[in-house]
Amino acid sequence: MSTKPTSLTWPGKIGTMELKNRLVIPAMCTNYTFQGHFTDQAVHYYGLRAKGGAGLMILEGAAIDYPGARAILNSAISDDRYIPTLRKLTDEVHRHETKIAFQIMHAGRQTSIAVSGSQPVSCSGAASTQLLYDPPRELTLYECRNIIKRFGEAAVRVKKAGFDAVEVHCAHGYLLSAFFSSTLNTRTDEYGGLEGGIKLSCEIVQEIKQQCGHDYPVLCRINGDDYAPSGGVTAIDSRMISVALEKAGADCINISAGLRESDHRLHDQTMASPRGSWVYMAEGIRKTVNIPVMVAKRIDEDMVEKIVAGGQADFVCIGRPHITDPDYGNKLLEGRAEEILPCIWCAQGCFDVLWMLSPTTCLVNPAAGRMDEVPIDDLGKASTKKKVLVAGGGPAGCEAALVAAKRGHDVTLYEKDNRLGGAYRLATVSPSKMEVERLFSYFERALPKAGVKVLLETEATAELMKREKPDVAFVAVGTCPTIPKKIPGVQGPNVVPVGDVMNGQALIGNRIVIWTCSYHCSFSCKATIAPIDGDVTNMHSTYSYACRAGYAAVDAAEYLASLGKLVNIVTERNALVPGMGFTSRGYLLKRFFQANIRVCSSAKVKEINDRGILLEKAGITFLLDADTVIISVGETLRDDLAGDLKDQIPEVYTIGDCHKIGNALTAIQSAYNKAIRI
């Protein structure tokens, strides 16, 4: 899209709040907090994105009872002492003529004693059947009424801190969302069932209006559908909820969807879900209310005009793309969408790290959240221009080349294949990873525009690079697949490496076994546990990441299942890609179930033969039959080129997987961190 989305530039109004356009950055938690206060990191992060052009920014969920109502490292709005730091943030956002609202929430049953410091509470004692939360206790009637007052008091603090509006979080299975669910809310008092849940949320809206003034805008974020197989809010119920909230005084309905337990494909938070999959709910609700409606969820730049001009919603919420490109709004609103650094909805740097209690980052934009972050087009020039050669056009090589060029260096990139992307581009063969193509389509446009000389079908040999006499060489040639040669039959005709499957070079049978997550890998999946400085309940972060061998295995599994193959996965470790984040891994396993992909973990591979793969588990040896056995058990560093260049070129840096085994996120991070310094 290169045309200007005219309708998105229209001024808008929510209650008494006037907005310069219809683009909204919705609430997205970041973990940029300290003891409930937003840090300077948060001020810089939000200020940079306010400068990016959106009309409204909604700040992430703040606990009305801290830490008891938090789910992760939420900010707090439970006491007046938080107002000064919040005022610092609102002043920064207002400096860029962007309006800002604050989302207030109570986690309800979706927290734990370790996080909140006390037993979770909810509408009932119903615990999650899938999530590892402590069972909640049912709130008393007195406590329900007190929570109404706490929401009102929190909104007063929001107003005092300079926010232009407040948003009440009634979605995603948190406290107020659970009250809406007829399956969770089994109360028999006035707040029981769907009707009782509506009454509770309406009384909260009325309390806020009473305490803040009826002219203070109140937004309500609700689930258009819980997507819960056991029952709960449906797309029909959400219309009733919206009408009731409007009558109670709400000034806007913000449509979201899904519970943590939802397994519907429209709730998948990765790139596997369809684009704009919640718009239909917003369109239906907009026909039932007379207040503005906004909607989120994987909305593409090409969709915004139809959504607003076509009357499907009044405002468009675009969240994660603003993490990737802080200048997203300006580029979109000015008709420069092709210049946007693209979010690929991988969920790795945002959703996944969130539940590890680590700060938000981004696979595509490793500078996200850093105090020195600027839009990529605004990178400062290096004091000395250098000749830079990059060997390899995968994610690390492309990132290093682009950053170095943006900083004013003379850059040439060599890629032995006929396209950029390396091994990561093979993921696009999977129907769940097609969005990865957006990243390399961007690099193919951005690198030449930045002045990078891209030489495809040219292998960067040591002789070539020495002959060019660069000042700096980045070696990003990736890895070689590990082949465990001591396993009998591993080199048989029915055994193929995963790369040959994804690039179409291997003939595949109908019954497939994929061997991955073995003891032949470096096991990056092992979590790094660290205390969170000053945390009020002494929480620890648990950062981990999966390696490219694990990702390649699951990508191949989904690809082959989409072709109608019967796919089984065997791991020697006790789980499949255990280092993958909570969000990505959870949705992956749900998709596996729906595609009939089965996993056997903690199984020792004894032998591969013409009938399949011989396994040992629990002292029992058995055959898992297969026409084809695919190996993705680990990677081996390719360090020969860097070794040959050492002492021949002034600065030689290995980046990406040939520096340390990881994945696309860690590869791009390593490239950025080194390229930004030369």
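Residues numbered from 1 in each chain as written. Predicted model: local features only at pLDDT ≥ 70, side-chain atom pairs only at ≥ 80, totals over all residues. Heavy atoms only, no water.

1. Focus: the overall build of the protein
Piece 1. For the protein, the count of helices and strands is 21 helices and 32 strands.
Piece 2. Against the compact-globule benchmark of 26 Å for 678 residues, the protein has a radius of gyration of 26 Å, which places it among compact chains.
Piece 3. Of all 678 residues assigned to the protein, the portion counted as buried reaches 62%.
Piece 4. Summarising the internal contacts of the protein: among those between residues at least 6 apart in sequence, 73% fall at separations of at least 24.
Piece 5. Taken as a whole, the protein presents about 25500 Å² of accessible surface, with 50% of it coming from carbon and sulfur.
Piece 6. Of the side chains in the protein, 75 bear a positive and 75 a negative charge, and the two mean positions are spaced by 1 Å. (Helix = DSSP H or I, 4+ residues; strand = E, 2+ residues; numbered from the N terminus. Rg over C-alpha atoms; globule rule 2.2 N^0.38 Å. Buried < 20%, exposed > 50% of the residue type's maximum accessible area, 1.4 Å probe, protein only. Contact = heavy atoms within 4.5 Å. Areas by Shrake-Rupley, 256 points an atom, 1.4 Å probe, with all protein chains shown as cover. Lys, Arg positive; Asp, Glu negative; His and termini not counted. Charge placed at Lys NZ, Arg CZ, Asp CG, Glu CD.)

2. A look at the nonpolar core
Piece 1. Grouped together as the largest cluster of nonpolar side chains are 146 residues, with contacts concentrated most on Ile104 and Leu363.
Piece 2. The contacts of Ile104, once residues within four sequence positions are left out, are Ala62, Ile64, Ile77, Phe151, Ala154, Ala155, Val158, Val166, Glu167, Val168, His169 and Ile208.
Piece 3. Counting 27 residues, the second-largest nonpolar core is a separate cluster that includes Val554, Ala557, Ile569 and Met580. (Core = buried A, V, L, I, M, F, W, Y, C linked by side-chain atoms within 4.5 Å.)

3. Some points on helix α7 (residues 237-248)
Because each turn of an α-helix spans 3.6 residues, side chains separated by three or four positions in sequence point in the same direction.
Piece 1. Look at α7: 17 Å from first C-alpha to last across 12 residues, which is about the 16 Å you get at 1.5 Å a residue.
Piece 2. If you follow the buried residues of α7, they end up packed against α5 (175-180), α6 (193-212), β12 (218-223), β13 (252-256) and α8 (279-286).
Piece 3. Positive phi shows up at Gly249, right after α7, with a value of about 125°. (Expected span 1.5 Å × (residues − 1).)

4. Some words on the confidence of the model for the protein
Piece 1. On average, residues of the protein score 96 in pLDDT, and 99% of them are at 70 or above.
Piece 2. Within the protein, strand β31 (residues 635-637) has the poorest average pLDDT of any element, 93, and strand β11 (residues 165-170) the best, 99. (pLDDT = per-residue confidence, 0-100.)

5. Looking at empty space enclosed by the protein
Piece 1. Within the structure shown, the criterion is met by five cavities of 30 Å³ or more.
Piece 2. Space inside the largest cavity adds up to approximately 120 Å³.
Piece 3. Along the lines of polarity and charge, the residues of the lining of the largest cavity split into 10 nonpolar, two polar and three charged. (1 Å grid on protein atoms, 1.4 Å probe; cavity = no way out; pocket = protein on both sides within 12 Å on 5 of 7 lines; lining within 4 Å. Points joined across faces, edges and corners; volume = space filled by probe spheres on them. Nonpolar A, V, L, I, M, F, W, Y, C, P; charged D, E, K, R; others polar.)

6. Regarding the sheet that holds strand β27 (residues 604-609)
Two pairing modes exist for strands in a sheet, parallel and antiparallel, and in both the strands are linked by backbone hydrogen bonds.
Piece 1. Taken in spatial order, the three strands of this open sheet run β27-β28-β29, and their pairing is antiparallel. The open sheet has two free edges, formed respectively by β27 and β29 (620-625), since each of these has just one partner strand. For this sheet, the mean inter-axis angle between neighbouring strands, taken without regard to orientation, is 25°.
Piece 2. Direction of pairing for strand β28 (residues 612-617) relative to β29: antiparallel, over a ladder of six bridges. Opposite Ile613, over in β29, you have Leu624 as the bridge partner. (Pairing = 2+ DSSP bridges. Axes fitted to C-alpha atoms, helices over the stretch in contact; angles between N-to-C directions.)

7. Points about the packing of α6 against α7
Piece 1. At a closest axis distance of 9 Å, the pairing of α6 and α7 adopts a crossing angle of 30°. Relative to α7, the element α6 is oriented roughly parallel. Taken as a pair, α6 and α7 cross one another with a handedness that is right-handed. For the pair α6 and α7, the contacting residues are Leu194, Ile198, Ser201, Cys202, Val205 and Gln206 in the first and Asp237, Met240, Ile241, Ala244, Leu245 and Ala248 in the second.
Piece 2. Grouping the constituent residues of the contact of α6 with α7 by class yields nine nonpolar, two polar and one charged. (Parallel < 35°, antiparallel > 145°, perpendicular 65-115°, else oblique. Left-handed = near helix turned anticlockwise from the far one by under 90°.)

8. Regarding unusual backbone geometry
Piece 1. Cis geometry marks the peptide bond from Tyr66 to Pro67; its omega dihedral reads 0°.
Piece 2. Mapped onto the secondary structure, Pro67 falls in the loop between β6 (56-63) and β7 (75-76).
Piece 3. Residue Ala618 is not a glycine yet carries a positive backbone phi of 55°.
Piece 4. Tracing the backbone through its elements, the reader meets Ala618 in the loop between β28 and β29.

9. Brief notes about the state of the cysteines
Piece 1. Taken as a whole and assessed by the stated rule, the structure comprises zero disulfides.
Piece 2. Unpaired in this structure, Cys480 has its nearest cysteine sulfur neighbour in Cys658, at a distance of 10 Å.
Piece 3. With no disulfide partner, Cys521 has as its closest neighbouring cysteine sulfur the one in Cys547, 5.4 Å distant. (Disulfide = S-S within 2.5 Å.)

10. A word on the environment of Leu131
Piece 1. Inspection of the secondary structure assignment puts Leu131 in the loop between β9 (121-122) and β10 (137-138).
Piece 2. Since its relative accessible area comes to 11%, Leu131 is described here as buried.
Piece 3. Remark: the alpha-carbon pair of Leu131 and Glu261, spanning 130 residues in sequence, is separated by 7.5 Å.
Piece 4. Those residues in contact with Leu131, other than ones at most four positions away along the chain, are Arg260, Glu261 and Phe582.

11. Focus: the environment of Met240
Piece 1. Structurally, Met240 can be placed in helix α7.
Piece 2. Note on Met240: relative accessible area 40%, which makes it partly exposed.
Piece 3. Measuring from C-alpha to C-alpha, the distance between Met240 and Ile198 comes to 9.0 Å, with 42 residues separating the pair along the chain.
Piece 4. Setting aside its immediate chain neighbours within four residues, Met240 contacts Leu194 and Ile198.

12. Looking at the environment of Gly276
Piece 1. Structurally, Gly276 can be placed in the loop between β13 and α8.
Piece 2. Residue class for Gly276 comes out buried when judged on its relative accessible area of 14%.
Piece 3. In this structure, the C-alpha to C-alpha distance between Gly276 and Ile77, residues 199 residues apart in sequence, is 32 Å.
Piece 4. Among residues more than four places away in sequence, those in contact with Gly276 are Lys297, Arg298, Ile299 and Met303.

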